[in-house]
Amino acid sequence: MLLTPGPTAVPEFVRTAMSGETLHHRTPEFENIFKNTRELLLEMLDMPEVVMLASSGTGAMEACVTNLTHKKALTINSGKFGERFGKIAQAHNIPFVELKYEWNTPTSVEDVVKVISGDSDIDAVFIQICESAGGLRHPVEALAEAVKKINKDIMVVADGITAVGVEKIDTANIDALITGSQKALMLPPGLAMIGFSTVAVKKIEAKSYGYYFNLATEIKKQRENTTAWTAATTLIIGLGAILEKLKEDGFDKLYEKTSLRAKATREALLAIGLEVYPATPADAMTTIYSEKSNEIRKILKEEFDLNIAGGQDHLKGKIFRINHMGLVADYEAVWAVNTIEKALDKLGIRDFDGTANKIFMEINS
Ligand SMILES: *Cc1c(COP(=O)(O)O)cnc(C)c1O
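Here's what I pulled together on the structure shown here. As a convention, each chain's residues are numbered from 1 in the sequence order in which they are written. Totals for whole chains, interfaces and linings use every residue, but because this is a predicted model, local features are given only for residues with pLDDT of at least 70 and side-chain atom pairs only at 80 or more, for both listing and counting. Based on all heavy atoms of the structure, the side-chain values leave hydrogens and waters out of the count.

So, the site of the ligand
Then step 1. Around the ligand there are 14 residues in total, and Ser56, Thr58, Ser132, Asp159 and Lys183 lie nearest to it.
Then step 2. Contact distances for the ligand include 2.4 Å between an oxygen atom and a side-chain N or O atom of threonine 58.
Then step 3. Each polar contact in these results corresponds to two N or O atoms within 3.5 Å; when the atoms are within protein, one needs to be able to donate a hydrogen and the other to accept it, and residues that are neighboring in sequence are counted only if both atoms are side-chain atoms. Interatomic distance of 2.6 Å between a side-chain N/O atom of aspartate 159 and a nitrogen atom of the ligand.
Then step 4. Per-residue and other accessible areas were derived by the Shrake-Rupley procedure at a 1.4 Å probe size, with only the shown protein chains allowed to occlude residues. When the free accessible area of the ligand is taken as 380 Å², the share hidden by the protein chains comes to 88%.
Then step 5. At the level of elements, α3 (57–68) and α4 (80–91) are the ones that each hand at least two residues to the shell around the ligand.
Then step 6. Counting from the N terminus, the helices are DSSP H or I runs at least four residues long and the strands are E runs at least two residues long. Ranked by residues supplied to the shell around the ligand, first place goes to α3 with 3 residues. When we say a residue is near a molecule or strand, we mean one of its heavy atoms is within 4 Å of it.

Next comes the structure, spelled out in structure tokens:
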């Protein structure tokens, strides 16, 4: 069983939808499929423009840094993915300043306001909605509102790769919302999507930049239901299938269920004495701080056939992360807290008495 926060399991109906023969991308047949997926995506993101790129999520991050920063970027780093925005800017010789925090600590609106107020060169802010390195939720909506109050032309770029499909994102003050195929959207890796505000589109069109990741070219083409380069046809078919199903079930239902499952998991694990790592946990995943993380993960994998993720860099062996993204069945989520409680027993930390199961079931039903 795969409960890592990306890649997530691909549902059978999506695998079936993607099993047809490869279509040529410059055909009316594929353009119809593209149009359908694009419209569903615009509806889900609730933004006026969108592009789909044949790349992993990082490609979309790079496209946003290079196309939406004309002077200087502010990057928020509370973990590996926040750090990545800075590394991208550096690779392109784009000036940037970084606000850096411990991986369990969200940014504060005051910190961001202070930096922006003191540096009029900053014309774009880059942040994760959920920073997957430690599973924390940044206060993106409040930050975006504060930034727009200072100057509505400053771009707010939100990496929502582990947030879109998890919760309803308020895009009122967000200029670019990035997502990817292999997390909450339950597809194989290889497709990235970016939703844009009208102001962002104007800025992109005002100064075209780059070649493969030239967003001005992509926006122009995708408005005509085609792509600048060969489209990731199979993944776009799969995305259409997923979005159709999520819409049919109701997007809000998905958000509700994910939120409840995340809460039930957190509470169940707290009840057996474990420590939730981030100060502001995101619903995409539950991150637990434990010096015994490696031992717990080893027992889960070897004895209970369950894969969860560990930590990276200074959190290696110190945290474990359980995915809540996608259409996770209740019996899968409850298996995770049950087997973790069992692992604690095996490690002599706490006797098994079914508490995690009980708490989970009480909250998640
Ligand atoms: C997974 C992830 C990405 C993208 O990583 P890729 O490996 O390039 O798909 C970006 N941001 C966050 C927050 C992620 O979780």
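A few points about the environment of alanine 192
Then step 1. Structurally, the position occupied by alanine 192 is in strand β9 (residues 192–196).
Then step 2. On the basis of relative accessibility, which here comes to 0%, the residue alanine 192 falls in the buried class.
Then step 3. Every residue pair with non-hydrogen atoms within 4.5 Å of one another is taken to be in contact. For alanine 192, the residues in contact, after removing those within four places along its chain, are Val51, Met52, Leu53, Ser55, Ser56, Gly57, Ala60, Thr179 and Gly180. For each residue, the accessible area found with a 1.4 Å probe, counting protein chains only, is set against the maximum for its type, and the residue is called buried under 20%, exposed over 50%, and partly exposed in between.

Re empty space enclosed by the protein
Then step 1. Site definitions follow a grid-based scheme: protein atoms alone, a 1 Å grid, a 1.4 Å probe that fits but cannot get out for cavities, and for pockets an open set with protein on both sides within 12 Å along at least five of seven lines, plus lining residues having an atom within 4 Å of a point. Grid points are joined across faces, edges and corners, and a volume is the space filled by probe spheres set on the points. All told, the structure shown has 2 cavities of 30 Å³ or more when counted by the stated rule.
Then step 2. Around the largest cavity, the lining comprises 14 residues; the ones closest to its centre are Met52, Leu53, Ala54, Glu218 and Thr230.
Then step 3. Counting only elements with at least two residues in the lining of the largest cavity, the list comes to β1 (49–53) and α8 (215–222).
Then step 4. Estimates place the volume of the second largest cavity at around 50 Å³.
Then step 5. Lining the second largest cavity, in full, are Met44, Leu45, Val164, Gly165, Glu167, Lys168, Ile169, Leu177 and Tyr255.
Then step 6. Each residue is assigned to one of three groups, with Ala, Val, Leu, Ile, Met, Phe, Trp, Tyr, Cys and Pro labelled nonpolar, Asp, Glu, Lys and Arg labelled charged, and all others, Gly among them, labelled polar. Across the lining of the second largest cavity, the residue classes break down as 6 nonpolar, 1 polar and 2 charged.

Notes on the packing of helix α12 (residues 330–346) against helix α13 (residues 355–363)
Relative placement of two packed helices is described by the angle separating their axes and the distance separating the axes.
Then step 1. To obtain each axis, a line is fitted to C-alpha atoms, and for helices this fit is confined to the stretch in contact; angles are then taken between N-to-C directions over 0 to 180 degrees. Two numbers describe how α12 lies on α13: the axes approach to 8 Å, and their chain directions differ by 150°. Here α12 is positioned roughly antiparallel relative to α13, judged by the angle of their axes. Pair α12 / α13 crosses with right-handed handedness. Where α12 abuts α13, its residues Asp330, Ala333, Val334, Val337, Asn338 and Glu341 lie against Thr355, Ala356, Asn357, Phe360 and Met361.
Then step 2. Looking at the contact of α12 with α13, its residues break down into 6 nonpolar, 3 polar and 2 charged. Roughly parallel means an angle under 35 degrees; roughly antiparallel means over 145; roughly perpendicular covers 65 to 115; every other angle is labelled oblique. Each crossing gets its handedness from the near helix: less than a right angle anticlockwise from the far helix is left-handed, clockwise is right-handed.

What about α4?
Then step 1. The end-to-end C-alpha separation of α4 is 16 Å, in line with the 16 Å expected for 12 residues at 1.5 Å each.
Then step 2. Those residues of α4 not exposed but buried are Lys80, Phe81, Gly82, Phe85, Gly86, Ile88 and Ala89.
Then step 3. Positive phi shows up at asparagine 93, right after α4, with a value of about 55°. Multiplying one less than the number of residues by 1.5 Å gives the expected span of a helix.

Comments concerning the environment of aspartate 345
Then step 1. Here aspartate 345 lies in helix α12.
Then step 2. Judged by its relative accessible area of 27%, aspartate 345 falls in the partly exposed class.
Then step 3. Setting aside residues no more than four positions away along its own chain, aspartate 345 makes contact with Arg350, Asp351 and Phe352.

Quick word on the pairing of strand β7 (residues 155–159)
One face of the sheet, then the other: side chains in a regular strand alternate in exactly this way.
Then step 1. Most of β7 is tucked away: 5 of the 5 residues are buried.
Then step 2. Strands are labelled as partners when DSSP assigns at least two bridges between them. Pairing of β7 with strand β8 (residues 176–180), which is carried by 3 bridges, proceeds in the parallel orientation. From the neighbouring strand, aspartate 159 faces β8, where its bridge partner is isoleucine 178.

Some remarks on the sheet that holds strand β10 (residues 275–276)
Then step 1. Ordered in space as β10-β11-β12, the 3 strands form an open sheet in which the pairing is antiparallel. Looking at strand neighbours, the two that pair on one side only are β10 and β12 (319–323), the edges of this open sheet.
Then step 2. Bridging between strand β11 (residues 285–289) and β12 involves 5 bridges; their strand directions are antiparallel. Among the inter-strand pairings, threonine 286 is bridged to a residue of β12, identified as isoleucine 322.

Points about the environment of phenylalanine 81
Then step 1. Note on placement: phenylalanine 81 falls in helix α4.
Then step 2. Since its relative accessible area comes to 18%, phenylalanine 81 is described here as buried.
Then step 3. Spatially, the C-alpha atom of phenylalanine 81 lies 21 Å from that of alanine 262, the residues being 181 residues apart in sequence.
Then step 4. Apart from the residues lying within four places of it in its own chain, the contact partners of phenylalanine 81 are Met61, Gln128, Glu131, Ser132, Ala133 and Asp159.

Comments concerning the sheet that holds β1
Then step 1. The 7 strands are arranged β1-β9-β8-β7-β4-β2-β3 in an open sheet whose pairing can be described as mixed. Each end of this open sheet is capped by a strand with a single partner; those strands are β1 and β3 (96–100). Between one strand and the next, the sheet's axes are offset by a mean angle of 20°, whatever the strand orientation.
Then step 2. Direction of pairing for strand β2 (residues 72–77) relative to β3: parallel, over a ladder of 5 bridges. When the bridges of β3 are listed, alanine 73 appears paired with phenylalanine 96.
Then step 3. Docked against the sheet, helix α6 (residues 140–150) engages β4 (122–128) and β7, running at close to 175° with respect to β4.

Let's talk about the pattern of salt bridges
Then step 1. The rule for a salt bridge is simple: a side-chain nitrogen of Lys or Arg has to be within 4 Å of a carboxyl oxygen of Asp or Glu. Taken as a whole and assessed by the stated rule, the structure comprises 23 salt bridges.
Then step 2. Where aspartate 119 meets lysine 72, a salt bridge forms, and the shortest distance between an N and an O atom there is 2.6 Å. Pair noted here: aspartate 119 is in the loop between α5 (109–117) and β4 and lysine 72 is in strand β2, with a separation of 47 residues, a long-range link. Each member of the pair aspartate 119 and lysine 72 is classed as buried.
Then step 3. Here lysine 152 and aspartate 153 are joined by a salt bridge, their closest N and O atoms 3.8 Å apart.
Then step 4. Using a relative accessible area of 43% as the deciding quantity, one classes aspartate 153 as partly exposed.

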